[in-house]
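Architecture and fold: a report
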Amino acid sequence: MRIYHGAAVVTGRLTGDVHEVVERGGVAVDGERVVAVAPLTDLRDRFPRAEEAGGPDRLIMPGFVDGHHHQGVAPIRLGARAMSLERVFTHRRILRGPALYEDTLYGAAEMLGAGITTVNHLHVGRRGPWERWRDDAETVIRAYRDAGMRVNFTFNFRDQNRLVYDGDGWFSARLPEPLAGEMREFLGGQEVPLSSYLDELFVGLWEAGGGNTGPHARVSLAPHNLHWCSDDAIRSIMEVAGEYGVHVNMHLLESPRQDLYARTRTGGSAVAHLRDLGVLGENLTLLHAVWTTEDDIALLAEARTRVCASVSSNLLMGSGVAPLNLMRERGVPLSLGLDEGGLNSDWDVFADMRLVQGLQHTPGAEDEVITPGVLLAMATGGAAASTEFRGEIGSLEPGRYADLLVLDWERLNAPVGPTGPAVVDDLVYKAARSHIRSVVVGGREVVRDGTHVTVDKDEVGAEIHRQLSAPPSHQDERRLATLRRVLPYVDAYWDGYGRSPDGRPRYGPRGCA
C-alpha cells in the first residue's frame, strides 16, 4: 500500500466542465489499483501502515492518454518534413526506420517521460506480407509491456487507393514499365483479405489477450479512412466491432483533398455517408475531422460520435484547424491525440493543450469554449474513452488503474506561486513535461525525475543509430529504389488532384473560424 500525496489531487472526475480537486489530498494505491482518494489526513487514518510518496510541493493528476499514435521515433527525427498530407503518404515511405521493437520501445520511453501512460497505437507499419503482421503486432505489444506502458493496439485496415485516390490498378497502369510491374508487386504485398484481418489478426489477438481483459494490452479495430476502405469493409469491421464490443477509430476528413474525394465518391459529405452506412455512434471515434461542416457536426452530436483532435499534426501537414469550438458547443465528445510527437517532437501534452486553446480562441471573444478543464479532460478521460481500457483509466477513482503523475507544483508555479483562479488553470497554462517528477503505471513507478526506471533510452537510441547507420538490406534497397522512382509520378498526380479546368484549386484553406 502506498499513498501519493500533494498540495492537491486533480482526480479527473468532472462535474460539467469543472474538475474535482482534493486540496492537500492523496491517492491510496494497493497493487495496480486505486483504493481511495481523499484528504491526506483521512488516508493516514485509514491506512496507517502505508508508505508515502509526495509532499506539499507536489501535485497528483491522472496519467495522460494519447488518443492517436502510429510509430515510435517521431517522423520529423527520421527526416520527414512539413508537406501536404497526401504527399506524406509516399515521401515518408522512402525514409528508413529502425527495427520495430526498438522503434516502439524508444517511442514508449519518450511518451512515458512526457506523462503518457496509455497510448492508442494505430499501426500502419506494414513490413512484409500480411501473414507476418501478427508477428509485428506481438512485437509492438511486447515493447510496450517491456517499457511498462499500457497500449490499445489495432492495425489500420486498407483495401484500396494505397498511393492515390483513383485506385491502385489505375495508377500502376499509367506508369512506364518496368516501374509499373514493380509497383503492382509492391502494392500487392500490402493486401490483406478482409476476412483474415478480422478473423486471424483481430480475433486472434483478442483471444490471446483473454478477451481484452489483460492489464497491459488490448485490441480494437480501425478502418483506416474512407478513401482507403470500401463500403463493404467499413460495414464488416463495424459489425465485428459490435459483436465483440470494441471501439472503432477511423481517420476522416483530415485534408481538403479527402473532403473532395468523399464528395466525388458519395455525392455528399463523408460524415453523411457514414450515417447512411449506419456506422455513426458512440462506439466510433473519428480522428482529425478537420473538414467537417455544420451539418456534419450536427450528425456527430446526434450520434454521440467522438472526435480526436491532433492539432500539431494538422499544422505540420497544412491540413487546417478543426472546428472544435463548434463541436464542443453542439455536444460532440472530444479527445486529444498527438499523432507523432507534437510540433517539437517531444510529446509534451501540456504544450499541445495550450496550442489547441490558442487556435480555438475566437478573436475578440471573452468566453472560452475550449477551457483548461475541457482540455485536460480531452487528454485524459476523453482519450481513454476511445480505447478498450475505458472505464478503467483516465481518472483517479477507487477501482481504476493507478496511472498517475506526480508534478513539481512549486517549480511549476515559480516564482510567485499558484495564481489560479483554479488549480486546473495553473496546471494547463504553466505546466511542461519538465515538471513531471514521477510517472506511475498500475501502481509501479516507471519514470523518476525524467529517467526511465527499467529502460535505458540512451542505449535503445544508440542501437537505433547503429541500425540506421548500417547499409540497408538488398530487399529494403530494392523497395526504396522503386519508391524513389515513383515519387515524381505521385507528386504530379497530387499537383493535378482537385483542380478545375482553369487550374484553380477546388478548395481553400481552413482557418480558425
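Note that the structure is predicted; figures quoted are calculated from it, not measured.

Parameters at a glance
Residue positions are given per chain, counted from 1 along the sequence in the order it is written. Local features in this predicted model are restricted to residues whose pLDDT is 70 or higher, and side-chain atom pairs enter the listing and the counts only when it is 80 or higher, whereas totals over whole chains, interfaces and linings include all residues. Neither water nor hydrogens contribute to the side-chain values; these are computed over all heavy atoms in the structure. Under the DSSP-based scheme used, a helix requires at least four consecutive residues in state H or I and a strand at least two consecutive residues in state E, with every element numbered from the N terminus. With the radius of gyration taken over C-alpha atoms, the globule rule is written as 2.2 Å times the number of residues to the power 0.38. Accessible area is worked out with a 1.4 Å probe on protein chains only. A residue is then buried under 20% of its type maximum, exposed over 50%, and partly exposed in between. Whether two residues are in contact is decided by their heavy atoms: any pair within 4.5 Å suffices. Per-residue and other accessible areas were derived by the Shrake-Rupley procedure at a 1.4 Å probe size, with only the shown protein chains allowed to occlude residues. A positive count includes Lys and Arg, and a negative count includes Asp and Glu. His and the chain ends are not counted in either. A charged residue contributes its charge at one atom only: NZ of Lys, CZ of Arg, CG of Asp or CD of Glu. By the convention used here, strands pair only if DSSP detects at least 2 bridges between them.

1. Some details on the overall build of the protein chain
Across its full length, the protein chain carries 20 helices and 20 strands. Against the 2.2 N^0.38 benchmark of 24 Å for 513 residues, the protein chain shows a C-alpha radius of gyration of 23 Å, consistent with a compact globule. Seen through its C-alpha atoms, the protein chain measures out along the principal axes to roughly 75 × 50 × 45 Å. Counting over 513 residues, the protein chain shows a buried share of 58%. Within the protein chain, counting contacts between residues at least 6 apart in sequence, those at least 24 apart form 77% of the total. Surface summary for the protein chain: the accessible area is close to 20100 Å², and the carbon and sulfur share equals 49%. Across the protein chain, the mean location of the 54 positive side-chain charges is 3 Å away from that of the 70 negative side-chain charges.

2. Overview of helix α11 (residues 270-277)
Most of α11 is tucked away: 6 of the 8 residues are buried. When we look at burial in α11, the residues that qualify are Ala270, Val271, Ala272, His273, Leu274 and Leu277. Buried residues along α11 sit in contact with α9 (231-244), β13 (248-252), α10 (256-266), β14 (284-288) and α12 (294-303).

3. Notes on the sheet that holds strand β7 (residues 58-62)
Strand order in the open sheet formed by 7 strands is β3-β2-β7-β17-β18-β19-β20, with mixed pairing between adjacent strands. Edge strands, defined here as strands with exactly one partner in the open sheet, are β3 (18-23) and β20 (451-452). For strand β2 (residues 8-15) and β3, the ladder comprises 5 bridges, and the chain directions are antiparallel. Of the residues in β3, the one forming a bridge with Val10 is Val21.

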